[in-house]
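Coordinates in review
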Amino acid sequence: MSTRLARGGRLIDRNHPLDFTFNGKRMRGFAGDTLAAALLANDQMLVGRSFKYHRPRGIVAAGAEEPNALVQLGTGGRSEPNQRTTTTELFAGLSAASQNHWPSLEFDVGAVNAAASRFLPAGFYYKTFLQPRLAWKHLFEPVIRRSAGLGRPPEEPDADRYEQAYAFCDLLVVGGGIAGLQAALSASASGQMVMLLEQTPHWGGRAPVDDVLIEGRPAADWVAATVASLEAAPNVTLRTRCMAAGVHDHGYVLAEERVADHTPGDGRPKKRLWRIRAGKVVTATGAIERPLPFAGNDIPGVMLASAVRDYLVNWAVSPGDRVVIVTNNDDAYRTAIAVHRAGLTVPAVLDARAEADGALPEEVRSLGIPVLTNRAVAKIKGGKRVTGVAVCAQAGEGAVLDEFACDAVAMSGGWSPVVHLWSHCGGKLIWDEAQSAFRPDPARPPITHDGSAMVAAAGSANGELLSADVLADAIRAVGGEGPAPRAQSPEEAPTEPVWIMPQGATPALRSKMWLDYQNDVKVSDVQLAAREGYESVEHTKRYTTLGMATDQGKLSNINGLAVLAGSLNAPIPAVGTTTFRPPYTPVTFGALVGEARGEIFQPLRRTPMHDWHEAHGAYWEPVGLWRRPYCYSRPGESHGDAVAREVTNARTKLGLLDASTLGKILVKGPDAGRFLDMIYTNVMSSLPVGRCRYGLMCNENGFLMDDGVVVRLSEDSWLCHTTSGGADRIHAHMEDWLQCEWWDWQVYTANLTEQFAQVAIVGPNARKLLEKLGGMDVSKEALPFMHWADGTIAGVPARVFRISFSGELSYEVAVPAGQGLAFWQACLEAGTEFGVLPYGTEALHVMRAEKGFIMIGDETDGTVIPQDLNLGWAISKKKADFIGKRGMERTFLASPDRWKLVGLETLDGSVLPDGAIAPAPGSNANGQRNTQGRVTSTYWSPTLKKGIAMGLVHRGPERMGEVIEFPKIWGGVVQARIVDPVFYDKAGEKQDV
Amino acid sequence: MLILECPCCGVKAEETELSPGHEAHLKRFGPGSSDEEFESYMFARKNPKGVHFERWRHSYGCGKWFLAARCTATLEVFGTYPAQTSEPPPDIVARIKARRPEWEGCK
Amino acid sequence: MSEAVSALGNASFEGFATIRELGPVGMITLRAKHDLPALPKALKTVLTAELPERRRIISAGEVRVGWMSPDELLILLPYAEVADRVVALTEALGTAHALVADVSDARCLFAIEGEKAAQVLMKLCPVDMAALERGELRRTRAAQVPAAFWAEEGGLRLVAFRSVAAYVMGILTHSARPGSELFPA
Ligand SMILES: [Zn+2]
């Protein structure tokens, strides 16, 4: 059993016990524990089930590479799936639950998958996708969905808050082991701005666990002293609990800081995403120990040798009373020493190598521990927990020579440098024969904006495993000066590659050798993939799902590709690795989202009258990032009824519209008229001062992109109104042409959209209202239709435009935004006697459709030219050039054989479905039904008491009176007659009074 | 995420402060141009793996358009220069030639 | 005649930094090439201010003149003085090619104050705050909207568009929440 030792534990505080629960069971740990350490201390080795076969899964590692020990952490608004127990810090009240089992962890029905494992081989998913089709849908998928899968997604909104932060440095050092600390120290001496990140809460990495001596004293002393001097340096920033997730272009690094993961509810952000811009990056990310592929290597109690050492030394946790060590290298002997030192038993060290006579093996022998060379694990005995090891010759096929009873097995297949960050932006790797590992190729680093190397690897991440070499490499990586601190650690003999144990293992044994614990990929699966023709490691990965689990193959990738290489009889470097992609370990969505949630999810744009609308029943319609009232519903009133009421009121009495969102761009300069003649299809230079003109804007293709009323303010200045939400785009469009094409023209623009609140005062009583408010002569004589004037209304500086988008007598009044609400309220108050009511965007739409006015985005879709909308009158024939002129001349646009704007009137008076397409006889070359038109705008007209619509119909204007059919959504057709799109006041008399 | 120095205001802006604009140094063809000329202006865009000239706007900054020469494969930036330029400036061309001897020039 | 109001009615928030919406504040956009001969004189006579260098903001009494782009200045001044100054600047520039516009109501202005004020913007702007120079006016984005900021006595000032004032207040208060300091003391 695993248990807490009476003494030791460099990271725990025995004076601070912490209570927590696992699957509802109360347990106790200490401050400084990881959840994994605390679970082991409570003899909870079994922590989950594997993805496919529901095999029992125990804790394998002690860090970020852990593939098995994932739990559902917390409840309600703090529920998180797939949290690694090995990186989760224990806190009082923590509640964790195991995942992927039913009905319980101890007794799992899905484990029957394991019995059926020969039916779930490599490529299972692909094979069942292919055939039989129905079997996948009705048989495989429902079963797999119920039995596979890891944690549950949270069901409540996240109770925590998150944020992001930007940081800048000359040098970013990733990893706070002795390599990272030394690199930061050396770089800081040269005055660079240095940032140092460590993913765990502790500095020093493995060195303090591995008995390293630096300058003759325990590594922990050197670590403490180095951290202290770095903390004192003004040019160094240090952060623990901060995981560098990815290295991106031009020195951009994303890192996730676990600010309050371990102190939930204390008001601090749970996590913080750092967006770091570094001149250079040093990856001192260490190395990860590889498992050994032997039969039963997934049984709980089989752990990485380094993890066993970590649990003993850091947390005083014994994984078992009797620990068998299996290795192909010297480093694992440190674990034998640590186990022995803790007062526990090492029945034997099984070394696959022919010889083991370095300093560490000799020390182990001197402790009386049997060291058996040329030996391997034939199989692990046990089910939910290791009970023993059957031993065989590494050179053989697995004939059992001996057996040892034990309750834990510590395995070591050698070390792989963590090359993820080096690789993210294209850093290349070389195969290191001596270490049997890929390491960064210094000749082919990822490069940055100036073509220089962006990343340097240091220490174990660069393939250096001995402490003295690690420190020297760290100084080299930052171009530092001076000798490295003296580090002492025993010399180690080379690692001997072992990719299958024993070397000649039978198929039965190979089908029990796990490569990917979480996804249940075994040696036999990779070999099967190779036999089926999967030669590319990328294909094999996807076919077998090797390395596709949440750990992204940290333990499995190298072993997997070595097995693949073996099957293909190819050298490992020829097979290569799969692509390393960010993030290094999963980053929570909350951190990526940062502050952008709830009220500040996106920048909502508000007019000065926004709060008034809100308080008066506005039903909102998003228009770009603006919110505009669609209508103002009264209690018990449907939106449709509200719209009809608002339309009728504006047509018969007086309506008010908040038109502040309309774009308003000031264009000024000696060449402004000439410029606007290029921007608009019609002539604006000839517009007299004091007058307004409706204008169209096209892009170079000739397609209509925006419209609005242009106002001549003075000899050299114009005010251009754009559609709501179009102001920024049109302003940018103007600036683009001014800066990049006609840069010698003297024109300035200014986007004044938000300077003004604009109110449309609409209806037969509009003039009466303005006259009552007082301050300006707004009579027909003083201010005729399509004229404007400056003045003061109700004491507010105002610019009044006589323009109408409704067909009624109408004024649009622009006032400073800071007085917009006051002006709006003054209009409402003074308008009571004239029957004033505010109206929303839908009433606006209905009224403009009744008048046959087009709306950008309804009648246009980026493929419509003005001529299609019968707006040819607004296209100058005189101008030699304007934006879009050449585009319109293309034959297919100049052809009369196009869909053109018409009105549509249903024979039964109903409202046509929006977007409905009218079929035509026959079919096209693709066998699709021919079409002859579509509905672009469709409304119930409260004025005409029937459905009215506009649409684009093939040669429509030539077909007046013809009846065509549109399908209805729920079947059947509706007949509509092609008519003039102007349904109301065709002569335009009402607006010009 | 790229960093480009805006030649108009001097800010070393990151990509989120910029808006991309397509290929630089296009010649506009308007009324009177042939179908081929108009097609080349509107649609025929270079998409090289390697040296490329692009338009960028410092949209969250000074608002100015500028041009950038960079390698689309390695993201190395050879320089940025004002939009009011009809062809790449000689110093930038020289820098590209030094870094990419095999580069065939703008055409 | 009604009084002009700022976008948020001078809302404020106390976090590890203090956030205050200011205003109404007068703002004038002046577009002209900075080498326009009439420009320095117009600034001098109308505002008693100098022409700022690239990306600088200079102060002359209550007036601030900020360099926004090679052909744009932002002038901050008391709200009540704007109308007169717009006229005066326009007259002083005479026939030279320039554009002067009142943008007081198109903007919002925030003060971010306290020793840790810079940490608030470190969470929102892709800008190296440690490298922000004295008198530097930095245009950038704050989370998802355009913004410009500079240091003033006691903290920072940030200008954004009026329609997103509530959003800007939201992101500033989120970032200034007590306990969320980037560098806890
Ligand atoms: Zn710029």
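Conventions used here
- Counting restarts for each chain, with residues numbered from 1 along the sequence as it is written.
- A letter from A marks each chain and a number from 1 marks each ligand, given out in the order of writing.
- Where totals are concerned, whole chains, interfaces and linings use all residues; where local detail is concerned, this predicted model gives features only for residues with pLDDT of at least 70, and gives and counts side-chain atom pairs only at 80 or more.
- With hydrogens and water excluded, all non-hydrogen atoms of the structure serve as input to the side-chain values.
- Residue contacts are counted whenever heavy atoms from the two residues lie within 4.5 Å of one another.
- Put simply, buried area is the surface a 1.4 Å probe can reach on two separate parts but cannot reach once they are joined, added for both.
- Salt bridge, as applied in this entry: a Lys or Arg side-chain nitrogen positioned within 4 Å of an Asp or Glu carboxyl oxygen.
- Any pair of N or O atoms that falls within 3.5 Å is considered a polar contact. Within protein, one atom must be able to donate a hydrogen and the other to accept it, and sequence-neighbouring residues count only if both atoms are side-chain atoms.
- Labels follow the DSSP assignment, with helices taken as runs of H or I lasting at least four residues and strands as runs of E lasting at least two, numbered in each case from the N terminus.
- Polar here means any residue other than Ala, Val, Leu, Ile, Met, Phe, Trp, Tyr, Cys and Pro, which are nonpolar, and Asp, Glu, Lys and Arg, which are charged; Gly is therefore polar.
- Sodium, potassium and calcium take a 3.2 Å donor cutoff, other metals 2.8 Å, and in both cases only N, O and S atoms count; water is not among them, so sites may look incomplete.
- Under the classification used here, a metal with four donors is tetrahedral if each angle lies between 85 and 135 degrees, square planar if opposite donors are over 155 degrees apart and the others between 65 and 115, a six-donor metal meeting that same test is octahedral, and anything else is irregular.
- Think of it in three bands: with a 1.4 Å probe and only protein chains considered, a residue is buried below 20% of the maximum accessible area for its type, exposed above 50%, and partly exposed in between.
- Criterion used throughout: strands pair if DSSP finds at least two bridges between them.
- Fitted lines through C-alpha atoms serve as axes, helices being fitted only where they are in contact, and the angles separating the N-to-C directions of these axes extend from 0 to 180 degrees.

1. Considering the interface of chain C and chain B
- With 16 residues of chain C in contact, the opposing surface of chain B contributes 13 residues.
- Carbon and sulfur atoms make up 49% of the surface buried where chain C meets chain B, a total of about 1,100 Å² over both sides.
- At the surface where chain C touches chain B, the tally comes to three salt bridges.
- Ionic pairing is found between Arg 138 of chain C and Glu 17 of chain B, a salt bridge with its closest N-O pair at 3.0 Å.
- Where chain C touches chain B, the interface holds nine residue pairs in polar contact (both at pLDDT 80 or more).
- Sorting the residues of the side of chain C that touches chain B by element identifies β5 (63-69), β9 (138-142) and β10 (145-152) of chain C as the ones contributing at least two each.
- A total of four residues in the side of chain C that touches chain B trace back to one element, the largest contributor, which is β9 of chain C.
- Its residues assigned to classes, the side of chain C that touches chain B comprises six nonpolar, three polar and seven charged.

2. Overview of the coordination of the zinc ion
Residues and elements named next belong to chain B.
- The protein atoms that coordinate the zinc ion are Cys 6 (SG), Cys 9 (SG), His 58 (ND1) and Cys 62 (SG), at distances spanning 2.0 to 2.4 Å.
- If you look at the zinc ion, its four donor atoms make angles of 99 to 117° with each other, and the shape they trace is tetrahedral.
- Site description for the zinc ion: donor spacing in sequence, C-x2-C-x48-H-x3-C.
- Classification of His 58 by relative accessible area gives buried; the value is 0%.

3. Focus on helix α11 (residues 467-477) of chain A
Residue and element names in this part refer to chain A.
- By the burial criterion, the buried members of α11 are Ser 467, Val 470, Leu 471, Asp 473, Ala 474, Ile 475 and Ala 477.
- For α11, the secondary structure elements touched by its buried residues are α5 (178-189), β11 (213-214), α6 (219-232), β16 (271-283), β30 (455-457) and β31 (487-488).
- Looking one or two residues past α11, Gly 479 carries a phi angle of roughly 65°, positive in sign.

4. Focus: the sheet that holds strand β22 (residues 371-373) of chain A
Residues and elements named next belong to chain A.
- As summarised here, the arrangement of the five strands in space is β18-β26-β20-β21-β22, forming an open sheet in which the pairing is parallel. Strands at the two margins of the open sheet, each flanked by one partner only, are β18 (302-304) and β22. The mean angle between the axes of side-by-side strands here comes to 20°, regardless of whether they run parallel or antiparallel.
- Pairing of β18 with strand β26 (residues 408-412) involves three bridges; the strand directions are parallel. Looking across to β26, one finds that Leu 304 is bridged to Met 411.
- Sitting on the sheet, helix α7 (residues 305-315) touches β18 and β26, and the angle it makes with β18 is about 85°.

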